[in-house]
Amino acid sequence: ARCSDVTNGLASHKAAASCRQSFSAKDLEGKDKLVRFYTGFPSYDAVISFFHHISGKAGRLHVWRGQKAEACRSAAGITGRKTMQHVARQLELIDEFLAVMMRLRLGLLVEDVCFRFGISSAYLSKIFTTWIVFLAKELPLLFPWPSVEQVRLLVNDYWCMCIL
């Protein structure tokens, strides 16, 4: 009975799919001021460039389905990615990325993002979790954090310059 709870969200996905998406990345093309506001990126070209850099790996992302779904798969003895049922994508990959960036940058409420993109809150939760986990693994490769020792040296140099 609990495994069927995972599939009961299908009705909300169909309802959301019937809503027309009123916002997409294409709407921001050539509007650098809006891109800065919504995402924090300096321009539309910067968003597209960054997205193209990560899109190869992002295109292979499996949308997170929640702990219940994983528990059901484990209970059924299903293991490995090949047997995993995929959640059908309701948005273009770039629009998923944009929705996540808007939520992070502006702190938008789930309902607001869902309304703008014409998706259900359950689906937004899944793509948000998926993208956050993906970006947490991918960003340190692109923008490595300095070591503790490097930070100490910078701080010491800064304070020495201030004192002099």
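Residues numbered from 1 in each chain as written. Predicted model: local features only at pLDDT ≥ 70, side-chain atom pairs only at ≥ 80, totals over all residues. Heavy atoms only, no water.

Q: I tried to follow the confidence of the model for the chain on my own but got confused; where do I start?
A: Averaged over all residues, the pLDDT of the chain is 78; the fraction at 70 or higher stands at 69%. Low confidence marks residues 1-18, where pLDDT is under 50. Its contacts with residues over four positions away, or in another chain, come to 17 contacts. Taken as a whole, residues 81-85 scores under 50 in pLDDT and shows 8 contacts with residues more than four places along the chain or in a different chain. (pLDDT = per-residue confidence, 0-100. Contact = heavy atoms within 4.5 Å.)

Q: Is there a simple way to think about the packing of aromatic side chains in this case?
A: Each aromatic ring pair is characterised by the separation of its centres together with the angle its planes make. Counted by the stated rule, this structure contains 9 aromatic pairs. Seen in terms of ring centroids, Phe 41 and Phe 50 are 5.6 Å apart; in terms of plane orientation they differ by 45°. Their pairing is tilted. Taking the centre distance of 5.5 Å and the plane angle of 50° together, the rings of Phe 97 and Trp 131 count as tilted. With Phe 97 in helix H6 (residues 93-106) and Trp 131 in helix H8 (residues 121-142), the pair connects residues that are 34 residues apart, well separated along the chain. With relative accessibility at 1%, the residue Phe 97 sits in the buried group. (Phe/Tyr/Trp six-rings, centres within 6.5 Å; stacked < 30°, edge-to-face > 60°. Helix = DSSP H or I, 4+ residues; strand = E, 2+ residues; numbered from the N terminus. Buried < 20%, exposed > 50% of the residue type's maximum accessible area, 1.4 Å probe, protein only.)

Q: Looking at this structure, I do not really get empty space enclosed by the protein. What am I missing?
A: Any space left empty among the atoms is revealed by the rolling of a water-sized probe across them. Per the stated rule, a full pass over the model turns up 1 cavity of 30 Å³ or more. The computed volume of the largest cavity comes to approximately 60 Å³. Among the secondary structure elements, those contributing two or more residues to the lining of the largest cavity are helix H3 (32-39), helix H4 (44-58) and H6. When its residues are assigned to classes, the lining of the largest cavity shows 9 nonpolar, 1 polar and no charged. (1 Å grid on protein atoms, 1.4 Å probe; cavity = no way out; pocket = protein on both sides within 12 Å on 5 of 7 lines; lining within 4 Å. Points joined across faces, edges and corners; volume = space filled by probe spheres on them. Nonpolar A, V, L, I, M, F, W, Y, C, P; charged D, E, K, R; others polar.)

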